[in-house]
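Next come the chains, spelled out residue by residue.
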Amino acid sequence: VQLVESGGGLVQAGGSLRLSCAASGSTSSINAMGWYRQAPGKQRELVAAITSGGGSTNYADSVKGRFTISRDNAKNTMYLQMNSLKPEDTAVYYCNAIATIGVRYWGQGTQVTVSS
């Protein structure tokens, strides 16, 4: 499974971005997916996760009400809509997929920078 993120960039505080994660390869093996982020000097943290059918999601407390995770299995793509962005949202955002056999896959990351 290969994961490629896109949609990162520089935005002012209060603005919005939509990240995409396109999966290829053995996509039929993918179960849950999620977005993680890592800010400089900090550990990678879970931002949002979504089940295989998209019926269940969960979010970090810091992004609840501002971010929305979704996926389109027909397009093998996952999204993260980020609204009301804050400078503390600045990080590299990574796409993650868990295969049915338990193997985790990671994308290369996309930089999100929020200016104050």
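We now turn to the structure provided with this report. (Residues numbered from 1 in each chain as written. Predicted model: local features only at pLDDT ≥ 70, side-chain atom pairs only at ≥ 80, totals over all residues. Heavy atoms only, no water.)

## Concerning the pairing of strand 3 (residues 17–24)
Sheet topology note: the strand 1 (residues 2–6)/strand 3 ladder contains five bridges and is antiparallel. Residue pairing for strand 3: Leu-3 is matched across the bridge by Ala-23. (Pairing = 2+ DSSP bridges. Helix = DSSP H or I, 4+ residues; strand = E, 2+ residues; numbered from the N terminus.)

## Observations concerning the nonpolar core
Grouped together as the largest cluster of nonpolar side chains are 29 residues, with contacts concentrated most on Met-33, Trp-35, Leu-80, Met-82 and Tyr-93. Going through the elements one at a time, strand 3, strand 4 (30–38), strand 5 (45–50), strand 7 (67–72), strand 8 (77–82), strand 9 (91–99) and strand 11 (110–115) are the ones with two or more residues in this core. Setting aside anything within four residues of it in sequence, one finds Tyr-93 in contact with Glu-5, Leu-19, Trp-35, Tyr-36, Arg-37, Val-47, Phe-67, Leu-80, Met-82, Gly-109, Thr-110 and Val-112. (Core = buried A, V, L, I, M, F, W, Y, C linked by side-chain atoms within 4.5 Å. Buried < 20%, exposed > 50% of the residue type's maximum accessible area, 1.4 Å probe, protein only. Contact = heavy atoms within 4.5 Å.)

## Overview of the pattern of salt bridges
The final tally for this structure, using the stated rule, is four salt bridges. Between Asp-61 and Lys-64 there is a salt bridge; the shortest N-O distance is 3.1 Å. (Salt bridge = Lys/Arg side-chain N within 4 Å of Asp/Glu carboxyl O.)

## Let's talk about the packing of aromatic side chains
Two descriptors summarise a pair of aromatic rings, namely the distance from one centre to the other and the angle between the planes of the rings. Under the definition given, this model contains one aromatic pair. Looking at Arg-44, its charged tip hangs above the ring of Trp-106, at a distance of 4.7 Å from the centre. (Phe/Tyr/Trp six-rings, centres within 6.5 Å; stacked < 30°, edge-to-face > 60°. Lys NZ or Arg CZ within 6 Å of the ring centre and 35° of its normal.)

## Re the environment of Arg-18
Residue placement: Arg-18 occurs in strand 3. The exposure class of Arg-18 is partly exposed, given its relative accessible area of 47%. Between the alpha carbons of Arg-18 and Val-103 there is a distance of 26 Å; along the sequence they are 85 residues apart. Each residue touching Arg-18, except ones within four places of it in the same chain, is listed here: Ser-6, Gly-7, Tyr-79, Leu-80 and Gln-81.

## Side note on the pairing of strand 11
Residues Thr-110, Val-112 and Val-114 point to one face of strand 11 and are all buried, whereas Gln-111, Thr-113 and Ser-115, pointing to the other face, are not buried. Judged from the four bridges that link them, strand 2 (residues 9–12) and strand 11 form a sheet pairing that is parallel. Across the sheet, residue Leu-10 finds its bridge partner in strand 11, namely Thr-113.

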